[in-house]
Amino acid sequence: MRYALLSDIHGNLEALAAVLADCRDRVDALLCLGDVVGYGADPAACVQLVGERCQAVVAGNHEAAVTGRLDLAWFNPYARVAAEWTRRQLSATERAWLAALPLVLTVGEATLAHASPAAPEAWDYLVGPEDGFAALGALSTPWGFVGHSHLPRAWLTGPGRRDWMPQPGELVLEPGCRCIVNVGSVGQPRDGDPRAAYAIWDPEARRIVVRRVPYDVAAARRKIVEAGLPRFLADRLVEGR
Ligand code: ZN
């Protein structure tokens, strides 16, 4: 059984479609780490696709925002405008589906959470070395998969090991080791690479690989502008920032 791990799709249908096409023949099931909506111009279509295709989905802070579980005052002005716009694009059924998503799930030997699995409701970002090593202490499974920062990262601990990988490609988890992997963002990468990011996890081979997939950035960008959303949200897709 191999899994695709998708996070931070953010209403970017072009990026999501490209990732779904890329992983179709490579995996048996899909898991989603949250922030399906927010920022992008196609939140409803992304909710539909994720609902149909993903075996397990956890909520991100943008789900919490559009369903009223998180005060919008917590957001920066761009995110707030996008959250209010997104809320209006979703049907009552779609909002109810998002509202029912759990913050943490366990799939096999992996814990799924959008933010730090140590306290998912606090929405803490895992970016630097210490963030991830601290969160690893709270993990009860060998694998932890997260999103939220839109930056692919990996933290690995084990006998004589304490590795922080700011640009993880392929990672093999030896017995006795544990790791947290941020799989990057499908719909709004922020590591300077505009291509969509997602990961493929093979539990039997104890391996995870972060992949990058080109998509029609120009189309996604144009739709954000045409929707009247902040232009910054459109332009950042081009640079992956
Ligand atoms: Zn996000």
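Before any of the text, the structure's been laid out above.
Residues numbered from 1 in each chain as written. Predicted model: local features only at pLDDT ≥ 70, side-chain atom pairs only at ≥ 80, totals over all residues. Heavy atoms only, no water.

Undergrad: Please clarify how the pairing of strand β10 (residues 178-182) should be interpreted in this entry.
TA: In summary, the side chains of a regular strand alternate between the two faces of the sheet. Among the 5 residues of β10, 4 are classified as buried, and the element is accordingly described as predominantly covered. In the sheet, strand β6 (residues 143-146) pairs with β10 via 4 bridges, with the strands oriented parallel. Bridging across to β10, phenylalanine 145 finds its partner in valine 181. (Buried < 20%, exposed > 50% of the residue type's maximum accessible area, 1.4 Å probe, protein only. Helix = DSSP H or I, 4+ residues; strand = E, 2+ residues; numbered from the N terminus. Pairing = 2+ DSSP bridges.)

Undergrad: Would you mind showing me how to read the sheet that holds strand β9 (residues 170-172) here?
TA: Hydrogen bonds between backbone groups are what pair the strands of a sheet, and the pairing can be parallel or antiparallel. On the basis of which strands lie adjacent, the open sheet formed by 6 strands has the order β3-β2-β1-β11-β12-β9 and mixed pairing. Among the strands making up the open sheet, the edge pair consists of β3 (54-57) and β9. Each adjacent strand pair in this sheet contributes to an overall mean axis angle of 20 degrees, direction not counted. This element, helix α2 (residues 43-53), spans β2 (29-32) and β3 of the sheet and lies at about 110 degrees to β3. (Axes fitted to C-alpha atoms, helices over the stretch in contact; angles between N-to-C directions. Contact = heavy atoms within 4.5 Å.)

Undergrad: Looking at this model, I keep getting lost on the sheet that holds β6. Mind explaining?
TA: The sheet built from 6 strands is open, its strands ordered β4-β5-β6-β10-β7-β8 with mixed pairing. Here the strands that pair on one side only, and so sit at the sheet edges, are β4 (104-107) and β8 (161-165). For this sheet the average axis-to-axis angle between neighbouring strands, irrespective of direction, equals 15 degrees. Its contacts with the sheet put helix α6 (residues 129-136) on β7 (153-158), β8 and β10, and the angle it makes with β7 is roughly 50 degrees.

Undergrad: Honestly, the pairing of strand β12 (residues 207-213) in this entry has me stumped. Any pointers?
TA: Sheet topology places β9 next to β12; 3 bridges connect them, and they run antiparallel. Among the inter-strand pairings, leucine 171 is bridged to a residue of β12, identified as isoleucine 208. Across 7 bridges, the pairing between strand β11 (residues 196-202) and β12 is antiparallel. In the sheet register, alanine 199 faces β12, and the bridge partner there is valine 210. The turn linking β11 back onto β12 is made up of 4 residues, and arginine 206 within it adopts a positive phi angle of 55 degrees.

Undergrad: Whenever I open this one, the coordination of the zinc ion confuses me. Can you help?
TA: Each pair of donors in an ideal octahedron of six around a metal sits at 90 or 180 degrees, and each pair in an ideal tetrahedron of four sits at 109.5 degrees. Coordination of the zinc ion by the protein comes from Asp8 (OD), His10 (NE2), Asp35 (OD) and His150 (NE2), over a distance range of 2.0 to 2.3 Å. Coordination at the zinc ion is irregular, judged from the 4 donor atoms that bind it and the angles of 85 to 178 degrees they form at the metal. Every donor residue of the zinc ion comes from the same chain, spaced as D-x1-H-x24-D-x114-H. One end of the pair, aspartate 8, is in the loop between β1 (3-6) and α1 (13-23); the other, histidine 150, is in the loop between β6 and β7, with 142 residues separating them in the sequence. One exposure class covers both aspartate 8 and histidine 150, and it is buried. (Donors = N, O, S within 2.8 Å, 3.2 Å for Na, K, Ca; no water. Tetrahedral: all angles 85-135°; square planar, octahedral: opposite > 155°, others 65-115°.)

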